[in-house]
Amino acid sequence: MLAFAESVVDSCHGIRDDPQEVESFLNNPTTVFICSRHNPRGMGFLMRKPFRVQFKLKEDVDFGQVDAIVFLGIRLASQTPVFAVLLQELIPGSEEFISDLRRMIATKQDPDFEEINLVSLALSLLEWNRVTKFCSFCAGSLDSLRGGIKKHCSSCKLAQYPRIDPSIIVLILNPSGEKVLLARSPQYPKKMMTLVSGFLDASESVELAVIREVKEEVGLDVDAASIRYVTSQSWTAGRSLMLGCIARVSSETIVIADPKEIEMASWFERSQVLQGLSFWRDPDQNLDSLGSTEFFTPPPGLMAHFLLMSWISGKLDSLLSAR
Ligand SMILES: [Zn+2]
């Protein structure tokens, strides 16, 4: 199962233009406020380090300290309204929800994807509100509209919305289709291997991005006719939408041009990949237990794990034919 694959809120699209309707949810006694505080290092930091979040009712929140507030909608699981709130400081002594999104997915045996997805949505919109202070065209001041998901320049009238950056992640098959390429960046955790990925350049198609990234990172030529889109995964905390693809290359000769991007890449058979995926079934997840040639993959719930598992279990063809 992919994390972030299901909706967790009804965004209440139809009532957002009426500020009184949105405000009425503020006074609903069942409304939950997902509280966070300024992250001085931005959203990229969230991807790697724990971040603190609190779930609170209205009486617990000091609205005099609120820097941004966003109406997320009606939580589907409980049918209760939910807001995200950016505070100058979190509420002292309160129970906290530690939000290191990757680690939460990775280390919990049964992760609560509904809660993780909700927190991710909240943090993403709060961060957008935090950094979007002035009009990007005329530097005029911005009014917050539609419950905090749109901004409007009071001077030139330009509208601004939270943007999503598309990226590709690709399962690369060798010419026979029996081996898959895994690579590691120097920034990855020790012994982790994963798929090639990267953001789309301006004006680039998904297919061109796959061809370019594979060539740039591991020096391989993708057979353009072999590229297939499989599925997508939103990563709201990183403002990214990952487009999962598969592609075949014309040779197995790997050339790493930039060791700062990729320090090692190699071809692996199904049995080796299965060992890397199985790391997450071990409740201790002890890196020291891995042999010198062994590795682990990204955890269940993430796109790389999903694509690799689909390849091993022979489900890729059925995923593609279902489209
Ligand atoms: Zn403007």
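Residues numbered from 1 in each chain as written. Predicted model: local features only at pLDDT ≥ 70, side-chain atom pairs only at ≥ 80, totals over all residues.

## Section: helix H5 (residues 206-218)
Step number 1: In a regular helix each residue adds 1.5 Å, so 13 residues correspond to 18 Å; H5 covers 18 Å between its end C-alpha atoms and thus fits that length.
Step number 2: When H5 is considered as a whole, its buried residues turn out to be Ala209, Val210, Ile211, Glu213, Val214, Glu217 and Val218.
Step number 3: For H5, the elements touching its buried residues are strand S10 (165-173), strand S11 (180-184), strand S12 (196-199), strand S14 (240-248) and strand S15 (264-268).
Step number 4: Following H5 by one or two positions, glycine 219 has its phi on the positive side, about 70 degrees. (Helix = DSSP H or I, 4+ residues; strand = E, 2+ residues; numbered from the N terminus. Expected span 1.5 Å × (residues − 1). Buried ≥ 20, exposed ≤ 12 C-beta atoms within 10 Å, placed from the backbone. Contact = placed C-beta atoms within 7 Å.)

## Focus: the nonpolar core
Step number 1: Counting 70 residues, the largest nonpolar core has Ile34, Ala122, Val170, Ile172, Val210 and Val214 as the members making the most contacts within it.
Step number 2: The greatest single-element share of this core, amounting to 10 residues, is contributed by helix H4 (residues 113-131).
Step number 3: A domain split of this core shows at least three residues from each of domain 1 (9-131) and domain 3 (165-321).
Step number 4: Excluding its chain neighbours within four sequence positions, the residues that come into contact with valine 170 are Leu195, Val196, Val210, Val214, Cys245, Ile246 and Ala247. (Core = buried A, V, L, I, M, F, W, Y, C linked by C-beta atoms within 7 Å. Domains from an automatic or database assignment.)

## Describing the environment of alanine 225
Step number 1: In this structure, alanine 225 sits in the loop between H5 and strand S13 (228-235).
Step number 2: Exposure remark for alanine 225: the 9 C-beta atoms within 10 Å place this residue in the exposed category.
Step number 3: Distance in space between the C-alpha atoms of alanine 225 and alanine 247 is 8.5 Å, their sequence separation being 22 residues.

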